[in-house]
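Spelled out from the first residue to the last, the chains are:
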Amino acid sequence: MGCDGGTIPRRDELVRLKKKPEQKDKDAERQFRWKHCALTQQRLQQPIVMCGLGRLYSKQNVIEALLDKEKMTEACAHIKSLKDIKNLNLTANPAYDETKDDKSSPYICALIGLEMSGQFRFVALWTCGCVFSERALKEVKEKVCSVCQTPYNDDDIVILNGTEEETEQMRIKMEERNVRARSEKKAKSDKKSKSKASATVTSNAATESAAGATSTSSVVAESTITSSSSMVDKKLLPSSAKVNGEGSSKGTSKPMVPNKRALISDKIGEDPVFKKSKDDYSVAKDPKASSVYKSIFTTHESEKDQKRAHWVTYNPFYN
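All values reported here derive from a predicted model rather than from experimental measurement.

**Remarks on the pattern of salt bridges**
Overall, the coordinates contain five salt bridges when judged by the stated rule. A salt bridge links Arg121 to Glu134; the nearest nitrogen and oxygen atoms lie 2.5 Å apart. Taken together, the residues Arg121 in the loop between strand S5 (107-108) and strand S6 (122-125) and Glu134 in helix H4 (residues 134-139) connect sequence positions 13 residues apart. Taking the relative accessible area as the measure of exposure, Arg121 reaches 38% and is therefore partly exposed. By relative accessible area, Glu134 is classed as buried at 19%. We note a salt bridge from Asp155 to Arg180, for which the minimum N-O separation is 3.9 Å. Highlighted residues: Asp155 in the loop between H4 and strand S8 (157-159) and Arg180 in helix H5 (residues 164-236), separated in sequence by 25 residues.

Right, here's the structure in full:
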């Protein structure tokens, strides 16, 4: 039975060999990484973001994971806030066909039109979030984004879905970028505190100068009031006091104090308003009043014999 006719069996047909482990389909794995969220393994949905290591996420999934820490995986533990992710400005592929999803990509390079399917290396800028193919970025010599004209440096270039070695390089860049951001924030806060301190010192100096000016004006006012009161007292002194040498250094007797009540009564008596308030005062007898002014009042001779009311009011004598 068998082996007749010169048939030679092979070794693998006679001996049971150890089966080789199943190998991953590299193309399928690459397409999966570029079209699915690295956090939930679900299909990417706009808005799409990246972390400092170059992994792609749906922003909604990242926000949910930040709110519920249990959803955050160990691979994404470096994302602690929304500051650790960056929104990507992606260019849609006009030739994308959903029925041929495994052969085309929904996004392309903004400069040369290469599909972002993983066959070509793609990079993103952390400063603005624009995405290009590495080939197109190398052609641009200036460190300025070709889409939005935002300047950048080499530390801001993030390789998307890179290898393990490239991921470690991106981690070092991410840490350096975080240190630089903290130092800039600290410098701004120090500058702001210094400006506040200088403004406080300036306001205190202005307040002190204003207070000094106020005190000076009050002293001047007090001295003016004192000098004017002394001048008034000197004017109010009677002539007998002046003759006796009151207030002078030559007089040997004590200065004679004037009677203040008498002086006040004399001044009140000379006041014309006070004279008019007396009962015996009459406008008709006032020599300083004019005839026109006197004719207004009922004491005038032209108004004594009138047959009408003196005032335009109710008068019982003329009803």
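**Let's talk about a nonpolar patch on the surface**
A cluster of nonpolar side chains, namely Leu14, Val15 and Leu17, defines an oily patch on the protein surface of about 290 Å² accessible area. Here Val15 lies in the loop between helix H1 (11-14) and helix H2 (26-35). By relative accessible area, which is 37% here, Val15 ends up partly exposed.

Scoring rules and cut-offs
- In this numbering scheme, every chain counts its residues from 1 along its sequence in written order.
- Thresholds applied to this predicted model are a pLDDT of at least 70 for local features of residues and 80 or more for the giving and counting of side-chain atom pairs; totals over whole chains, interfaces and linings are not thresholded and use all residues.
- The basis for every side-chain value is the complete set of non-hydrogen atoms in the structure, without hydrogens or water.
- By convention in these notes, a salt bridge is any Lys or Arg side-chain nitrogen within 4 Å of a carboxyl oxygen on Asp or Glu.
- Each helix is a run of DSSP H or I of at least 4 residues and each strand a run of E of at least 2, with the numbering of both proceeding from the N terminus.
- Buried, partly exposed and exposed residues are distinguished by accessible area as a fraction of the type maximum, computed with a 1.4 Å probe on protein chains only: under 20%, between the cut-offs, and over 50%, respectively.
- Residues enter patches when their relative accessible area tops 30% and they take part in no salt bridge; the joining distance is 9 Å for like charges and 5 Å for the nonpolar side chains Val, Leu, Ile, Met, Phe, Trp and Tyr.
- All accessible areas in this document rest on Shrake-Rupley with a 1.4 Å probe, and a residue is counted as covered only by the protein chains that are shown.

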